[in-house]
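The residues making up each chain are set out below.
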Amino acid sequence: REAKARRKAAYLSSLPAQPWKRMLYRMSPKRIVRYWFSREGALMALKITGVGFVVMFLLVVGVFAYFRKDLPQIKDISGNAFGGSITYYDKTGKTVLFQDYDTKKRVPVASDKIADYMKEATIAIEDKNFYKHGAFDTKGIIRAAVNDLRGSGGTQGGSTITQQLVKINEDWGNDRTISRKVKELILAVELEREYSKED
C-alpha cells in the first residue's frame, strides 16, 4: 500500500501545476494508450465494463417491468380463438339472420395437415432464420431501424413470425411506435417460453 501511495505521489508530482495543462498532458494520445494498456488501465476497464453490465441489466429489468404491467396474459394460440366469419342472430339468440364471410376468415389446420413445402415457403418468405433465433431477431431489428432512419424507401419491421403472431393475437394492427415494439418483444419472449417453434 505504501509503495502504491509513493508511486501515485511521484506520478502526481510529475504533472503540470495548472489544471488545464494537466488535462492536456493526460489527453496526449501516447499517454492514453500507455494508460489503457497498463495494469491500472486494465483494472479501470474491468470496473467500467462491470458497472456497464449492471446498469444495462437494471435498465432492461426496469423497462420490462414498466411495460409488462399493462400487457395482457398470452391467449390461446391454437387458432380457435382467432376471428372468422361473423354470425348475426335475432334477439332470441337462436335464429341466424345473416352470416358475414367477408371478415377475416381463419380456419385452424393441424400442423401435420400442412404440406412441408408450404411451411418451408412461409418461413423462407416471412422469417428465414425462424429456427435459429429466439423470439426476436436482433440483426433484423437493427437492419430495419437503419433502413427506416435512412429513408431508403419502404418500411421494414424486422419482426419474426413469433412477433407477427403476437400482433395478430392481440389485434394490434400496424402501429410502429417504440412502446408497441417493446411490448411486442416482451410478449414474443413469453410466447416462446410457453410454446415450441413447431407450435
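About the cut-offs
- Sequence order as written defines the numbering, with residues in each chain counted from 1.
- In view of the model being predicted, local features appear only for residues whose pLDDT reaches at least 70, and side-chain atom pairs are presented and counted only at 80 or more, with totals across whole chains, interfaces and linings using the full set of residues.
- Side-chain descriptors were evaluated using all non-hydrogen atoms of the structure, hydrogens and water having been removed beforehand.
- The pairing test for Phe, Tyr and Trp rings, Trp by its six-membered ring, is centres within 6.5 Å, and the orientation test on the planes gives stacked under 30 degrees, edge-to-face over 60, and tilted for anything in between.
- Buried, partly exposed and exposed residues are distinguished by accessible area as a fraction of the type maximum, computed with a 1.4 Å probe on protein chains only: under 20%, between the cut-offs, and over 50%, respectively.
- Patches were defined on residues exceeding 30% relative accessible area and lacking a salt bridge, with like-charge contacts within 9 Å and nonpolar side-chain contacts (Val, Leu, Ile, Met, Phe, Trp, Tyr) within 5 Å.
- Areas reported here follow the Shrake-Rupley algorithm with a probe of radius 1.4 Å; residue values treat only the protein chains shown as occluding.
- Salt bridges are defined by distance alone: a side-chain nitrogen of Lys or Arg within 4 Å of a carboxyl oxygen of Asp or Glu.
- What counts as a helix is a DSSP run of H or I of at least four residues, what counts as a strand is a run of E of at least two, and both are numbered from the N terminus.
- Given the number of residues in a helix, its expected span is that number minus one, multiplied by 1.5 Å.
- Axes, fitted as lines to C-alpha atoms, cover a helix only where it is in contact. Angles between the N-to-C directions of the axes lie from 0 to 180 degrees.
- Any angle between 65 and 115 degrees counts as roughly perpendicular, while under 35 counts as roughly parallel, over 145 as roughly antiparallel, and the rest as oblique.
- Any two residues whose heavy atoms approach within 4.5 Å at even a single point are treated as in contact.
- Any residue that is not Ala, Val, Leu, Ile, Met, Phe, Trp, Tyr, Cys, Pro, Asp, Glu, Lys or Arg is counted as polar, Gly included; the first ten are nonpolar and the last four charged.
- At least two bridges found by DSSP between two strands is the condition for calling them paired.
- For each structure, a 1 Å grid was placed over the protein atoms alone; sets of points admitting a 1.4 Å probe that cannot get out are labelled cavities, open sets with protein on both sides within 12 Å along at least five of seven lines are labelled pockets, and lining residues have an atom within 4 Å of a point.
- Grid points are joined across faces, edges and corners, and a volume is the space filled by probe spheres set on the points.

S.K.: What am I meant to see in the packing of aromatic side chains here?
M.R.: The geometry of an aromatic ring pair is captured by the separation of the ring centres together with the interplanar angle, meaning the angle of the planes. According to the stated counting rule, one finds three aromatic pairs in the structure shown. Ring geometry for tyrosine 66 and phenylalanine 67: centres 5.1 Å apart, planes at 85°, overall edge-to-face. Exposure remark for tyrosine 66: the relative accessible area of 52% places this residue in the exposed category.

S.K.: I tried to follow a nonpolar patch on the surface on my own but got confused; where do I start?
M.R.: Together, Val33, Tyr35, Trp36, Phe37, Met44 and Ile48 make up an exposed nonpolar region whose accessible area comes to about 630 Å². Of all the elements in the fold, those that place two or more residues in the nonpolar patch are helix H3 (29-36) and helix H4 (39-68). The dominant element in the nonpolar patch, judged by the number of residues it contributes, is H3, at three residues. With respect to the helices and strands, the residue isoleucine 48 is situated in helix H4.

S.K.: Looking at this structure, how should I read helix H1 (residues 2-13)?
M.R.: Since the α-helix turns once every 3.6 residues, residues separated by three or four places project in the same direction. With 12 residues, H1 extends 16 Å from end C-alpha to end C-alpha; this agrees with the ideal 16 Å at 1.5 Å per step. Within H1, only zero of the 12 residues are buried, which leaves it mostly out in the open.

S.K.: Would you mind going over the packing of H4 against helix H8 (residues 178-194) with me for this structure?
M.R.: Two numbers describe how H4 lies on H8: the axes approach to 10 Å, and their chain directions differ by 95°. By the angle between their directions, the pair H4 and H8 is classed as roughly perpendicular. Contact residues: Val63, Phe64, Phe67 and Arg68 in H4; Ser179, Val182, Lys183, Ile186, Leu187 and Glu190 in H8. Within the contact of H4 with H8, the residues separate by chemical class into six nonpolar, one polar and three charged.

S.K.: Just to check I follow, could you spell out the pairing of strand S1 (residues 86-89) for this structure?
M.R.: Successive residues of a regular strand alternate their side chains across the two faces of the sheet. Bridge analysis of S1 against strand S2 (residues 96-100) gives four bridges, and the strand direction is antiparallel. Paired with threonine 87 across the two strands is glutamine 99, which belongs to S2.

S.K.: Just checking my understanding: could you explain the layout of surface pockets for this structure?
M.R.: Roughly 930 Å³ of volume is contained in the second largest pocket. In terms of lining, the second largest pocket is formed by 19 residues, of which the most central are Lys8, Tyr11, Tyr35, Ser38 and Glu40. Those elements giving two or more residues to the lining of the second largest pocket turn out to be H1, helix H2 (19-26), H3 and H4. Of the residues belonging to the lining of the second largest pocket, the class tally is nine nonpolar, one polar and nine charged.

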